[in-house]
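# Observations on the model geometry
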Amino acid sequence: MDSEITEGDSEKRILFTEQEVELKMLKVKERIEKSLNSAEPKKDGNAPSNSNLRRKIGSWTFETVGGFYLPTEDVSKLSVKSQEQLLIRDLIYAFSGVPSSHIRPDISIDDVSQLKTDQIGQVRFKIDESFSGAFRALANELLPLIGYYINVQSFIEDTIMSTTCCRSLGVALHRNMQQYFEVQSTLESQLQEQKLNLQELVHQLRPWLVTMEAYASLTSHARSSNLTTAELLSLMHEHQQHFKTEGLKQLITDVSHYYMKMVQLWTQKGVLYDVRGDFFIEDTRANAMSSTLLSPKQCCHSYWTQRYRLHLDRLPSFLESVHEKIFLAGKYLNVLRQCNAHMKLMQIPLSYVPGDEAHVEFIRSSYELPARKLLEILSENQQLMQHLHNLRGYFLLKEDNFTKSLMEKCAGQLQYNVDCLIPEKLQKLMLEALQGSDDPYKHMLHCQLMDCDVATQLANRQKRLKEEKEEEKDMNSEVDASSEAESSNDLPEQLTIYGFEALTLRYTPNWPISLVIHEEPLEQLQLLHRVLFFLRYVQHQLKSTYYDLSKCNSHAGALRDRMKECILQLEQHMLLDIVEPHWQSLLLVVDKAQLVDEVLSQFQDTLDHCLLLCLLSEPVTFVRSLYTLGQLCLNYCGFIEQPTSEEFDSGVVEYEEEFNSLLLSILELVVELSKPKGASNEMERESCKQLLQRLKFISKDLTTRPNLKEI
């Protein structure tokens, strides 16, 4: 029987089909098992150990490896050259996942079969100690390739037919592994031609150690987590930053192709194609009416603000630096489409290659094209500069004739409680004040009566801004916002503010100017206008107040002049020191701007700085003190118009003491804000110092106090 196995089969060199080969292997296995079972018992009466099923047949040893019997040479009987060739052959097979009896894991085969797939990479392999120590030392460097290969190949087999995002990684790995297989095939050919030694094998496979380690680490992490597309791409980017291999570089380029295609369509066409919900931009009105069919009133700033929702958890880490430009590029393309603008779109393939910033440049160009075109439409076709001049003229009192005429025509109405005023009548009076104006957009200006004082409006605004920053926008926010809006419209039965406190202006520009001049900046302009109009109204009352010189002493007139100068300095500080310089800077930026976002950013910064430097921000103590001081001046006007000989002199003294007390509290507050710990930045401190200089001469008798020596 031995001769049949060792000599008979070796003499018949013919080709067999796969089924015939399997049949012959089964027959060989059965004959070997039969031979082993018929072996004589040992002297102690025990049968041979089944855990070490091996039987010597000539110079070969058949040994079970994972349930299969593999013929292995007796290494101790081989020459050094034969050992080297045998070790090379086993290494090549082991690196391709083929079991070898000379290269074994450090745990039993039965234990390996019970391991999970992601645990195989942790198994360590060792070479039969019968080989030369020099060979083993040289080959040990490559042994981790076995675990890496098993890990990667099992991941490919598990995911290549799945429907998860890991399928794209499995497909890309399968494609990239062809290079590895080609190297293995080349090594096997060189071995058969006797042109390969162990040192050359190590030299050719050493570069694959890092690559396969990166692949194995990536697949282990991807297998252990239920990743989204963005998370998978971020994980691959993180691995590329760590390993920096060409294989991983090509891999992430292949896997990111689908995502970058979505970026390309959005930035260059304004089209969202996201059937799997992987993209970080969502069109909340995808099933609604097309924006090109909306009326100008429907297609406003709030529509474009609410239309798209950003999901930053769907954003790969390598696109975080340009995600805003990606979003704005597609948004502006759709805005231009709604404006019926015509322009030549980009058609450049977009891909991500680690270490190459070409995709960043393409995204930037895709953003700049519609942003430049939109600014061109706003500036040339929609007269943006004229609208900005109107805002300064009407809201910031630059049009003195209009402000003076409005105040004179509405003087009789403004003294009443706001509940007693009729908005339509005020609107008619305002139109009469505008009759002499040649502004083509004056029809966009309207009167508005607010339902609260400036301090309350300012406090509500600050509270709303804080909530928007702290709370994430979700589906419930719309419900909460609507309920808050309804509750805010429930006005009290009797408001305690007068017309001169409640009156402000409203500007309603058409689309697409409303993309720049919308609710948020208009609210800030209304806050500035209400304060400035109130100060101008107080001045007007102080100037127009008539009093009998025969009944009023010079002290009363001096106090009135002092009040008038104080209010004037407060107004000029806001207008001349703050508003006018910042608005001039805004106009210069708009005139030289190349992109629409330069205008939007500068416009918002200008209004933010004006509110901050005019101290119309937190805390609202300054605003309340300002209105209290103005109301005192108005009360004094009524007092000196009807003087009484008995109580007039003492009344003037009381008014002066109260005026000094209020002015002192304002000065103390401004001094505190001018300190480094009081102001939010250097600009606010400088603004406070300018205000102190303006009030210095009016309050010269008060500055001798210890807490005001810094003035």
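Before any of the text, the structure's been laid out above.
Counting starts from 1 at the beginning of each chain's written sequence and moves along it residue by residue. Owing to the predicted nature of the model, reporting of local features is limited to residues with pLDDT of at least 70; listing and counting of side-chain atom pairs is limited to 80 or more, with chain, interface and lining totals taken over all residues. With hydrogens and water excluded, all non-hydrogen atoms of the structure serve as input to the side-chain values.

## Observations concerning the overall build of the protein
Secondary structure elements follow DSSP: runs of H or I of four or more residues count as helices, runs of E of two or more count as strands, with numbering from the N terminus. Along its length, the protein carries 27 helices and nine strands. Of the roughly 37900 Å² of accessible surface on the protein, 49% is carried by carbon and sulfur atoms. Computed with a 1.4 Å probe, the accessible areas rest on the Shrake-Rupley method; for each residue, only the protein chains presented here act as cover.

## A word on the packing of helix α22 (residues 519–544) against helix α24 (residues 596–613)
At a minimum axis separation of 10 Å, α22 and α24 run at an interaxial angle of 30°. With respect to each other, α22 and α24 are oriented roughly parallel. Relative to α24, the crossing made by α22 is left-handed. Residues Glu-520, Pro-521, Gln-524, Leu-525, Leu-527 and Leu-528 of α22 lie in contact with α24, whose contacting residues are Phe-603, Gln-604, Leu-607, Asp-608, Cys-610 and Leu-611. Any residue that is not Ala, Val, Leu, Ile, Met, Phe, Trp, Tyr, Cys, Pro, Asp, Glu, Lys or Arg is counted as polar, Gly included; the first ten are nonpolar and the last four charged. Here the contact of α22 with α24 is composed, by residue class, of eight nonpolar, two polar and two charged. Only the contacting stretch of a helix is used when fitting its axis, a line to C-alpha atoms as for every element, and angles between N-to-C directions run 0 to 180 degrees. If an angle is under 35 degrees, it is roughly parallel; if it is over 145, roughly antiparallel; if it lies from 65 to 115, roughly perpendicular; otherwise it is oblique. The sense of a crossing depends on the near helix, which, turned anticlockwise from the far helix by less than a right angle, makes the crossing left-handed and, turned clockwise, makes it right-handed. Residue contacts are defined here by distance: any two heavy atoms, one from each residue, within 4.5 Å place the two residues in contact.

## A word on the packing of helix α15 (residues 384–395) against α22
Where α15 meets α22, the closest approach of the two axes is 9 Å, and the angle between their N-to-C directions is 30°. Taken together, the axis directions place α15 and α22 in an arrangement best described as roughly parallel. Contact with α15, carried on its side by Leu-391, Tyr-394 and Phe-395, involves Leu-522, Leu-525, Gln-526, His-529 and Leu-532 of α22 and no other residues of that element. A breakdown of the residues in the contact of α15 with α22 according to their chemical character gives six nonpolar, two polar and no charged.

## Let's talk about unusual backbone geometry
The omega torsion across Trp-511 and Pro-512 is 10°, close enough to zero to call that bond cis. Positive phi, normally seen in glycine, also occurs at Gln-383, with a value near 55°. Take Gln-383: it is sitting in the loop between α14 (358–381) and α15. A positive phi angle, close to 60°, is found at Leu-397, a residue other than glycine.

## With respect to the packing of aromatic side chains
The geometry of an aromatic ring pair comes down to the distance between the two centres and the angle between the two planes. Stacked, edge-to-face and tilted labels apply to pairs of Phe, Tyr and Trp rings (six-membered ring for Trp) whose centres lie within 6.5 Å, assigned for plane angles under 30 degrees, over 60, and everything in between, in that order. This model, assessed by the stated rule, comprises 21 aromatic pairs. Here Phe-639 and Tyr-655 contribute two aromatic rings whose centre-to-centre distance is 5.2 Å and whose plane-to-plane angle is 40°, an arrangement assigned as tilted. A residue pair is termed long-range when its members are at least 10 positions apart, and Phe-639 in helix α25 (residues 621–641) and Tyr-655 in helix α26 (residues 648–673) qualify at 16 residues. Connected via pairs of aromatic rings, a cluster forms that spans Trp-266, Tyr-303, Trp-304, Tyr-308, Phe-327 and Trp-511. Definition used: whenever NZ (Lys) or CZ (Arg) falls within 6 Å of the ring centre and also within 35 degrees of the ring normal, the charge is taken to sit over that ring. In this structure, Arg-276 packs its charged tip against the face of Tyr-258, placed 4.3 Å from the ring centre.

## Observations regarding the side chain of Asp-439
Of note, Asp-439 is situated in the loop between α18 (423–433) and β8 (445–449). Each residue's exposure class comes from its accessible area (1.4 Å probe, protein chains only) as a fraction of the maximum for that residue type: buried when under 20%, exposed when over 50%, partly exposed otherwise. By the counting scheme adopted, Arg and Lys are positive, Glu and Asp are negative, and His together with the chain ends is not counted. By salt bridge we mean one thing: a side-chain nitrogen of Lys or Arg within 4 Å of a carboxyl oxygen of Asp or Glu. Among buried Asp, Glu, Lys and Arg side chains, Asp-439 stands out as unpaired, with Lys-442 the closest opposite charge at 7.8 Å. Distance and chemistry together define a polar contact, namely a pair of N or O atoms within 3.5 Å, with one atom able to donate a hydrogen and the other to accept it when in protein, and with adjacent residues in sequence counting only for side-chain atoms on both sides. Within the local environment of Asp-439, its side chain forms a polar contact with the side chain of Tyr-394, the two groups lying 2.9 Å apart. In contact with Asp-439, not counting residues within four places along its chain, are Gln-386, Asn-390 and Tyr-394.

## Comments concerning a nonpolar patch on the surface
Without a salt bridge and with relative accessible area above 30%, a residue can belong to a patch; like charges are then joined within 9 Å and nonpolar side chains (Val, Leu, Ile, Met, Phe, Trp, Tyr) within 5 Å. The grouping of Val-271, Tyr-273 and Val-275 at the surface amounts to a nonpolar patch, some 310 Å² of accessible area in total. Checked against the element boundaries, Val-271 lands in the loop between α11 (257–269) and β6 (281–283). Residue Val-271 is classed as partly exposed on the basis of its relative accessible area of 41%.

## A look at the nonpolar core
Within the largest apolar cluster, 191 residues are counted, with the highest numbers of intra-cluster contacts made by Leu-169, Leu-201, Met-212, Leu-319, Ile-326, Leu-391 and Phe-395. Per element, the largest residue contribution to this core is 14 residues, and it comes from helix α23 (residues 554–592). Only buried Ala, Val, Leu, Ile, Met, Phe, Trp, Tyr and Cys residues count toward a nonpolar core, and they belong to the same one when joined by side-chain atoms within 4.5 Å.

## What about the pattern of salt bridges?
For the structure shown, the criterion picks out 25 salt bridges. We note a salt bridge from Arg-175 to Asp-254, for which the minimum N-O separation is 3.9 Å. With Arg-175 in helix α7 (residues 166–192) and Asp-254 in helix α10 (residues 246–255), the pair connects residues that are 79 residues apart, well separated along the chain. Take Arg-175: its relative accessible area is 45%, and that puts it in the partly exposed class. Look at the salt bridges and you will find they share partners, linking Arg-461, Arg-464, Glu-468, Glu-520 and Glu-523 into a network.

## What to know about the state of the cysteines
Note that a disulfide, as used here, is simply two cysteine sulfur atoms within 2.5 Å. A full pass over the atoms with the stated rule returns zero disulfides. Cysteine Cys-447 remains unbridged, with the sulfur of Cys-410 as its closest cysteine sulfur at 6.0 Å. We note that Cys-566 lacks a disulfide partner, and the nearest cysteine sulfur, in Cys-633, lies 6.8 Å from it.

## Some points on α10
Taken residue by residue, α10 has Gly-247, Leu-248, Leu-251, Ile-252, Thr-253 and Val-255 as its buried positions. Buried positions along α10 lie against α7, α8 (198–224), α9 (229–243) and α11.

## Regarding a negative patch on the surface
Among the surface-exposed residues, Glu-647, Glu-654, Glu-657 and Glu-658 lie close enough to one another that they form a single negatively charged patch. Here Glu-647 lies in the loop between α25 and α26. Charge placement uses NZ in Lys and CZ in Arg. For Asp and Glu, CG and CD serve respectively.

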